[in-house]
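Examination of the molecular architecture
As a plain string of letters, each chain reads:
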Amino acid sequence: MATIGFIGLGNMGGPMAINLVKAGHQVKGYDLDPSGLERHGAAGGTGAQSIADATRGADVVITMLPAGQHVQQVYTASDGIIAAAAAGALLIDCSTIDVATAREVASAAGGAGLHMVDAPVSGGTVGAEAATLTFMVGGSDEAFAAAQPVLAQMGKTIVHAGGAGNGQAAKICNNMILGVSMIGVSEAFVLAEKLGLDHQKLFDISSTASGQCWSLTTYCPVPGPVPTSPANRDYVPGFSTAMMMKDLLLAQDAATSNGAATPMGERAAELYQAFNDAGGSGKDFSGIVNYLRSNMEKP
Ligand code: NAD
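Residues numbered from 1 in each chain as written. Predicted model: local features only at pLDDT ≥ 70, side-chain atom pairs only at ≥ 80, totals over all residues. Heavy atoms only, no water.

**A closer look at the domain arrangement of the protein**
To keep things clear, this is the line we draw: Delimitation of the domains relies on an automatic or database domain assignment. Residue contacts are counted whenever heavy atoms from the two residues lie within 4.5 Å of one another. As used here, buried area is the combined drop in accessible area, with a 1.4 Å probe, of two parts when they are placed together. Salt bridge, as applied in this entry: a Lys or Arg side-chain nitrogen positioned within 4 Å of an Asp or Glu carboxyl oxygen. A 3.5 Å cut-off defines polar contacts: any pair of N or O atoms within that distance qualifies, except that in protein one atom must be a possible hydrogen donor and the other a possible acceptor, and neighbouring residues in sequence count only when both atoms are side-chain atoms. Three classes are used, and their members are as follows: Ala, Val, Leu, Ile, Met, Phe, Trp, Tyr, Cys and Pro are nonpolar, Asp, Glu, Lys and Arg are charged, and the others, Gly among them, are polar.
Annotation of the protein at the domain level lists domain 1 (3–163) and domain 2 (169–295). Put simply, the middle of domain 1 and the middle of domain 2, counted by C-alpha atoms, are 30 Å apart. In this complex, domain 1 contributes eleven residues to the contact, which on the side of domain 2 involves seven residues. Summing both partners gives a buried area of about 680 Å² for domain 1 against domain 2, and 69% of it is carried by carbon and sulfur. Across the domain 1-domain 2 interface, the total number found is zero salt bridges. Between the two partners, domain 1 and domain 2, sit three residue pairs in polar contact (both at pLDDT 80 or more). Here the side of domain 1 that touches domain 2 is built from residues that sort into eight nonpolar, two polar and one charged.

The structure is reproduced here in structure tokens:
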């Protein structure tokens, strides 16, 4: 069993670290917020006093932090992970961040002789608790091979997406598809209402026709057709609009920096921003159907 440093014990990192404790590892957790440390201790984990304390002597160091600036700081500060890591330690960043920062930090780790992968996740807090996350992994073949067994104790699908940063690239491309497709499905339900076509009828037809997609058949934005979708519980997330905004803006930044044409992704980001500003921030992202119906009606 390994000694693992785990930094960032929030909504996602907390349960992920606990799954590693359950798998029998010694997990030294650290978070700026003492409540995360308390939950980690209560589940049998060890508390660290600092980032360096969590990192020193660890075989593997995992981070689950809010955004790129936190990852940059936690890895590259003079008292950060890269400075404190033991020779041969494996570094795994599971946060969702911009591709450029992921590549910079991986390069700094490589310069210090350390293997690193970016391994952002999908599956949300339910997947984090149930150890059923999907990991999209960027890094060398050797680093991926070392990370795979550790990630398998927190998730069930682990995909090697290519070199450093490609895990983040896969994550933001996937979530741009999701943001665009959820708006498309929502627009179809709003139009169907105007045309006198039942939600259930549209669902039954489109779910077996060419409109079929995950936003329709697994996460249907109107109540009824898919009982497990957030639409049936007043759009309690699930995956919040604020999180969708974060990922769409990361995709737009990447598109701008790399000269990619993403007009639908750009429009999706504008619409989610409008929904977010109109009070949708804490709602599930599928609640955009209500914003479209109420705020964008044609005269
Ligand atoms: P969170 O805010 O609940 O947790 C982040 C934790 O990092 C907090 O506890 C915070 O105190 C800690 N932290 C910040 N800076 C730190 C530092 N310098 N040292 C130590 N700890 C520090 O966020 P979350 O929901 O767990 O999300 C984490 C990441 O996972 C984000 O990048 C998010 O985009 C991604 N993600 C979240 C979900 C989800 O459903 N919540 C799904 C997929 C991906």
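**Examining the site of the ligand**
Defined as follows: If even one non-hydrogen atom of a residue comes within 4 Å of a molecule or strand, that residue is called near it. Values of accessible area rely on a 1.4 Å probe in the Shrake-Rupley scheme; residue burial ignores everything except the protein chains shown. Secondary structure elements follow DSSP: runs of H or I of four or more residues count as helices, runs of E of two or more count as strands, with numbering from the N terminus.
As a structural note, the neighbourhood of the ligand is formed by 22 residues, with Asn11, Met12, Asp31, Leu65 and Lys246 the closest of them. Within the backbone of Leu65, an N or O atom sits 2.9 Å from an oxygen atom of the ligand. Within the backbone of Thr96, an N or O atom sits 3.0 Å from an oxygen atom of the ligand. Coverage of the ligand by the protein chains reaches 85% of its 830 Å² of free accessible surface. Taken together, the elements giving at least two residues each to the shell around the ligand come down to helix H4 (68–76), helix H7 (124–130) and helix H12 (241–258).

**Some details on the environment of Ala268**
With respect to the helices and strands, Ala268 occurs in helix H13 (residues 263–280). Placed 90 residues apart in sequence, Ala268 and Leu178 show a C-alpha to C-alpha distance of 9.8 Å. Once residues within four sequence positions are removed from consideration, Ala268 is found in contact with Gly179, Val180, Ile183 and Leu248.

**Digging into the pattern of salt bridges**
Selection rule: For every residue, the accessible area obtained with a 1.4 Å probe (protein chains only) is divided by the maximum for its type, and the residue is called buried under 20%, exposed over 50%, and partly exposed between those limits.
By the definition in use, this model includes three salt bridges. A salt bridge links Glu193 to Arg293, with the shortest nitrogen-to-oxygen separation between them at 2.8 Å. Of this pair, Glu193 sits in helix H9 (residues 166–195) while Arg293 sits in helix H14 (residues 288–295), and the two are 100 residues apart along the sequence. Taking the shortest distance from any N to any O, the salt bridge between Lys283 and Asp234 comes out at 3.5 Å. One end of the pair, Lys283, is in the loop between H13 and H14; the other, Asp234, is in the loop between helix H11 (214–217) and H12, with 49 residues separating them in the sequence. Lys283 sits in the partly exposed class, given a relative accessible area of 31%. Residue class for Asp234 comes out exposed when judged on its relative accessible area of 53%.

**Comments concerning unusual backbone geometry**
Omega for the peptide link from Pro237 to Gly238 comes to 15°, which places this bond in the cis form. With respect to the helices, strands and loops of the structure, Gly238 is situated in the loop between H11 and H12. Positive phi outside glycine occurs at Asp234, with the angle close to 55°.

**Topic: the nonpolar core**
This is how the line gets drawn: For the purposes of this section, nonpolar cores are sets of buried Ala, Val, Leu, Ile, Met, Phe, Trp, Tyr and Cys residues that join through side-chain atoms within 4.5 Å.
Counting 36 residues, the largest nonpolar core has Ile183, Phe189, Met244, Leu248, Tyr272, Phe285 and Ile288 as its most contacted members. Of all the elements, H9 adds the most residues to this core, at nine residues. With residues up to four places along the chain from it excluded, the contact list for Met244 reads Asn175, Leu178, Gly179, Phe239, Tyr272 and Phe285. Counting residues in hydrophobic clusters, the runner-up holds 30 residues, among them Val21, Leu90, Ala119 and Leu133.

**As for helix H10 (residues 199–206)**
Our working definition: Along the arc lie the directions from the helix axis toward the C-beta atoms.
Taken together, the buried positions of H10 are Leu202, Phe203 and Ser206. Taken down its axis, H10 places every buried residue within 100° of arc, on the same side. Where H10 is buried, its residues contact H9 and H11.

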